[in-house]
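Here's the letter readout for the chains.
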Amino acid sequence: MELLVTGSGTAVPSVRRCAAGYSLAVAGQRLQIDSGPGTMRQLARFGIAPEQVDCLCYTHTHPDHVADLVPFLFASRYGQTEPRTRPLAVVGGRGFGAFLAAQQAVYGHWLEPDGFALHLHELATDGADRWAGDGFCIASRPMRHIATSVGLRVEEVATGRSICFSGDTEFTDELVRLAAGTDLLVCECANPEAAPMAGHLIPSQAGRIAAASGCKALLLTHFYPPCDEADLITPLRRHYAGPLMLAEDGLRVVV
Ligand SMILES: [Zn+2]
Ligand SMILES: [Zn+2]
């Protein structure tokens, strides 16, 4: 599996950090986990055409995670490259179908799939769930952020490797369970230790979750600008001693 960080940032416009997004090559498929504003341009920057993406997966419907769903669907219909024919899976928490339908109600036929099938899969937001893709599985658990938030764990069937995405969340044992033994935990750390924010994690909490989960490596991400001026590592290291990376746009991690 190869992870490419398309966006290590948040709602704050930033040259350094695009809003949330991760491109994942797994079992010959390409998944996009979240697509905040700017994701389409990031994919172009990294040479990934929309028609190469087999599956869009969403942790929740905050705009910094989902805004580029609209331009993705528009480009899939009116892109100047090869027209899309391969099916598109869209995976999100319960209620994502209603969110998608609302977008289509606003934009009308411009967002309707043309020449390809769109398959929607909703995951439970009140307990653990699982969806089987082609050569991979996505396990999910509810996170503590908004009602429709889910953490996602992508597992490659042939290798048994996995990458777990927290999405946005406060501290929750559900993330410890979802990330248990995973090869890479991609964990939000939106704010520095001295400035916690409701609905998000600070470094010591990310460290506690990583240690309790037994993940084999930790990638911190979703940094509001104060994170770039603060020491995230010292408070985290009081809890977690394993391999640690801080996300930047364009970072690639092979698992
Ligand atoms: Zn966010
Ligand atoms: Zn959010």
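Being a predicted model, the structure only gives us computed values, none of them experimental. (Residues numbered from 1 in each chain as written. Chains lettered and ligands numbered in written order. Predicted model: local features only at pLDDT ≥ 70, side-chain atom pairs only at ≥ 80, totals over all residues.)

**Section: the overall build of the chain**
Note the following rule: Secondary structure counts use DSSP, requiring at least four H or I residues in a row for a helix and at least two E residues in a row for a strand, with both numbered from the N terminus. Every C-beta atom is placed from the backbone, and the number of other C-beta atoms within 10 Å of a residue's own sets its class: buried at 20 or more, exposed at 12 or fewer, partly exposed in between. This entry defines residue contacts through backbone-placed C-beta atoms, with two residues in contact when those atoms are within 7 Å.
Looking only at helices and strands, one finds 7 helices and 14 strands in the chain. By principal-axis analysis of the C-alpha atoms, the chain measures approximately 55 × 35 × 30 Å. Among the 255 residues that make up the chain, the fraction classed as buried is 49%. Summarising the internal contacts of the chain: among those between residues at least 6 apart in sequence, 64% fall at separations of at least 24.

**Some words on the sheet that holds strand β11 (residues 184–188)**
Here is the rule: At least two bridges found by DSSP between two strands is the condition for calling them paired. Fitted lines through C-alpha atoms give the axes, limited to the stretch in contact for helices. The angle between two N-to-C directions lies from 0 to 180 degrees.
One open sheet holds the 7 strands; their spatial order is β7-β8-β9-β10-β11-β12-β13, and the pairing between them is mixed. Each edge of the open sheet is held by one strand with a lone partner, namely β7 (129–132) and β13 (244–246). Across the sheet, the mean angle from the axis of one strand to that of its neighbour is 15°, orientation sign disregarded. For β7 and strand β8 (residues 136–142), the ladder comprises 4 bridges, and the chain directions are antiparallel. Across the sheet, residue aspartate 129 finds its bridge partner in β8, namely serine 140. On the sheet, helix α6 (residues 203–213) packs against β11 and β12 (218–221) and is oriented at approximately 155° with respect to β11.

**So, helix α4 (residues 96–107)**
Convention followed: Expected span, for any helix, means 1.5 Å times one less than how many residues it has.
Over its 12 residues, α4 extends 17 Å from the first C-alpha to the last, a length consistent with the 16 Å expected when each residue adds 1.5 Å. Within two residues after α4, glycine 108 carries a phi angle of roughly 65°, on the positive side.

**Observations regarding the nonpolar core**
Stated precisely, the cut-off is as follows: Buried Ala, Val, Leu, Ile, Met, Phe, Trp, Tyr and Cys residues whose C-beta atoms connect them within 7 Å together make up a nonpolar core.
One finds Leu24, Cys57, Ile163, Leu185, Val186, Cys187 and Cys189 to be the most contacted residues of the largest nonpolar core, which totals 62 residues. Residue contributions to this core peak at 4 residues, all from β11. For valine 186, the residues in contact, after removing those within four places along its chain, are Tyr22, Ile163, Cys164, Phe165, Ser166, Leu219 and Thr221.

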